[in-house]
Amino acid sequence: MNRPDPNSADQSANKDDDAVWLDLVARLEATESGAGEPAAADNAEQASEAGTSQSESNKTFKDFDPLGLSTPVTEPAPEATAIPAATGRSLGPRDFEVDEEDDSFVPEEPASLAGTEPLTMLAWVGAVGGPIALLLTAMFWRSAPLTAILGIVAAFVASVVFLIMRLPQEKNDNDDGARI
């Protein structure tokens, strides 16, 4: 194994990375301390050693926050009540409780399967049961005759074609797609 020369160009790149890292840590400590002055003063000599100026090390997270993440939420949504925060941090999405209302959506009862057309029910059994039957045949009945396998495939194809043909042919222009 060859050890790299400590004076090589790669080592200077690592020093630059260390300087950037120290600057980032100083900025984050400044935002966590609130005022920003004590952490910035402690890290000022580290930043000057790293080659950054004093004005760059005094920048806080608010200085480069394009999304406005550092601004606190001013008031909660009207339907949610805020949980009192024990710390002085800004409120987040888990700091609210939503009031349950009685007028929530309740879906209607689905139609009973006993009242369906027998041919439609048979088509659904063929469409769902065909691939399952082929899988079970491949696993447990290896010596199945070719006619049985072709019969399962034909029943599956016929079932799917029947179900596709039963789909509505015309589109209702007044339907917004909210109901099935």
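### Some words on helix α6 (residues 146–165)
Part 1 of the reasoning: End to end, α6 covers 28 Å across 20 residues, agreeing with the expected 28 Å (1.5 Å per residue, within 8%).
Part 2 of the reasoning: Those residues of α6 hidden inside the fold are in contact with α5 (118–140).

### Describing the pattern of salt bridges
Part 1 of the reasoning: The final tally for this structure, using the stated rule, is two salt bridges.
Part 2 of the reasoning: Residues Arg-27 and Asp-23 are paired through a salt bridge, measuring 3.2 Å at the closest nitrogen-oxygen approach. Remark: Asp-23 and Arg-27 occur in helix α1 (residues 9–33); sequence separation between them is four residues, near one turn of the helix.
Part 3 of the reasoning: Classification of Arg-27 as buried rests on a relative accessible area of 19%.
Part 4 of the reasoning: Notably, a salt bridge pairs Arg-166 with Glu-117, separated by 3.2 Å at the nearest N-O pair. With Arg-166 in the segment after α6 and Glu-117 in the loop between β2 (96–98) and α5, this pair connects stretches of sequence that are 49 residues apart.
Part 5 of the reasoning: Since its relative accessible area comes to 41%, Glu-117 is described here as partly exposed.

Conventions used here
- Residues numbered from 1 in each chain as written.
- Predicted model: local features only at pLDDT ≥ 70, side-chain atom pairs only at ≥ 80, totals over all residues.
- Heavy atoms only, no water.
- Helix = DSSP H or I, 4+ residues; strand = E, 2+ residues; numbered from the N terminus.
- Expected span 1.5 Å × (residues − 1).
- Contact = heavy atoms within 4.5 Å.
- Salt bridge = Lys/Arg side-chain N within 4 Å of Asp/Glu carboxyl O.
- Buried < 20%, exposed > 50% of the residue type's maximum accessible area, 1.4 Å probe, protein only.

Everything listed is a geometric property; what it means functionally is a separate question.
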